[in-house]
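For reference, the chains in residue letters:
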Amino acid sequence: MVNRPYPPTVDYNTYPVDTRLTEGVIARRFWAYLIDLLVIALWVVLISIGIFFLGLITLGLGWGLFFALPLTALIFIVYNAVTIGGRSQATVGMRTMGLRVIDPSTGRGASMLAAAVHALFFYVAISTFLLWACDVLVGFLRNDGRFIRDLLTGMMVVRAE
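Residues numbered from 1 in each chain as written. Predicted model: local features only at pLDDT ≥ 70, side-chain atom pairs only at ≥ 80, totals over all residues. Heavy atoms only, no water.

1. Details of the side chain of Arg 149
So, step 1. The topology assignment puts Arg 149 in helix 6 (residues 148-153).
So, step 2. Apart from the residues within four sequence positions on either side, Arg 149 is in contact with Arg 29, His 118, Phe 121, Phe 122 and Asp 135. (Helix = DSSP H or I, 4+ residues; strand = E, 2+ residues; numbered from the N terminus. Contact = heavy atoms within 4.5 Å.)

Here's what the structure looks like:
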């Protein structure tokens with residue numbers, strides 16, 4: 001027999017990520033999320049104003065669209081998919097806070113599908129405090145600051161320096 005360690009070790013992190021790129025990421029993610037909430041709120045307000053004026057023009061018929069306003073929650077997922085999966089690799093809040101999202105195995109940006117699933121995991125976790133608390137706790141315990149949703153989708157938030 002060959003003298004090898006059992007079980008064989010596998011290095012899943014093929015792209016070397018400098019630890020300086022992950023310092024202070026959790027605090028920056030919090031502020032980036034608040035900025036993104038403002039951006040999304042602005043979109044919802046603009047849509048509401050548009051529905052209001054459409055209702056005035058159609059003599060009240062357009063106001064029926066206010067019942068569809070809760071569907072604007074999908075804007076959150078589309079917003080994350082387009083911005084994180086796009087060229088800038090970050091939402092508006094992340095860009096403001098100097099962050100970007102990469103795939104830690106390749107160092108390239110994440111796909112739009114991975115970004116949408118990541119956002120869906122976030123909003124499911126934040127809807128129940130216990131899931132969200134576990135998610136954030138894992139981020140504080142890990143050296144790279146990755147949350148559970150980051151690990152599940154194969155994404156990593158780093159400083160964009």
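2. Comments concerning the pattern of salt bridges
So, step 1. Inspection of the entire model under this criterion finds three salt bridges.
So, step 2. When the shortest N-O distance is used, the salt bridge between Asp 150 and Arg 29 registers 2.7 Å. One end of the pair, Asp 150, is in helix 6; the other, Arg 29, is in helix 1 (residues 25-57), with 121 residues separating them in the sequence. With respect to burial, Asp 150 and Arg 29 carry one shared label: buried.
So, step 3. A salt bridge links Asp 144 to Arg 142, with the shortest nitrogen-to-oxygen separation between them at 2.9 Å.
So, step 4. Overall, Asp 144 belongs to the buried group, its relative accessible area being 14%.
So, step 5. Note on Arg 142: relative accessible area 32%, which makes it partly exposed. (Salt bridge = Lys/Arg side-chain N within 4 Å of Asp/Glu carboxyl O. Buried < 20%, exposed > 50% of the residue type's maximum accessible area, 1.4 Å probe, protein only.)

3. Thoughts on the UniProt feature "transmembrane region" (unreviewed entry) in the chain
So, step 1. UniProt tags residues 30-54, 61-82 and 120-141 as "transmembrane region" (unreviewed entry).
So, step 2. Across residues 61-82, helical content stands at 41% and strand content at 0%; the span's end C-alpha atoms are separated by 32 Å.
So, step 3. Across residues 120-141, helical content stands at 95% and strand content at 0%; the span's end C-alpha atoms are separated by 23 Å. (UniProt positions renumbered as here; feature names shortened; annotations may be inferred.)

4. Remarks on the packing of aromatic side chains
So, step 1. Under the criterion given, the structure shown has seven aromatic pairs.
So, step 2. When the ring of Phe 52 is compared with that of Phe 53, the centres are 5.4 Å apart and the planes differ by 70°; the resulting orientation is edge-to-face.
So, step 3. On the basis of relative accessible area, Phe 52 is assigned to the partly exposed category, the value being 37%.
So, step 4. Residue Phe 53 is classed as partly exposed on the basis of its relative accessible area of 46%.
So, step 5. Ring centres of Phe 129 and Trp 132 lie 5.9 Å apart, and the angle between their planes is 45°; on these two criteria the pair is classed as tilted. Here Phe 129 pairs with Trp 132, and both are found in helix 5 (residues 129-141), just three residues apart, close to one helical turn.
So, step 6. A residue is classified by how much of its surface remains accessible, and Trp 132, at 30% relative accessible area, is partly exposed.
So, step 7. Aromatic ring contacts, followed pair by pair, group Tyr 33, Phe 76, Phe 122 and Tyr 123 into a single cluster. (Phe/Tyr/Trp six-rings, centres within 6.5 Å; stacked < 30°, edge-to-face > 60°.)

5. Looking at helix 4 (residues 112-127)
So, step 1. For helix 4, which comprises 16 residues, the first-to-last C-alpha distance of 23 Å matches the rise-based estimate of 22 Å (1.5 Å per residue) to within 8%.
So, step 2. Within helix 4, the full set of buried residues consists of Ala 114, Ala 115, Ala 116, His 118, Ala 119, Phe 122 and Ala 125.
So, step 3. Its buried side turned inward, helix 4 meets helix 1, helix 2 (74-84), helix 5 and helix 6. (Expected span 1.5 Å × (residues − 1).)

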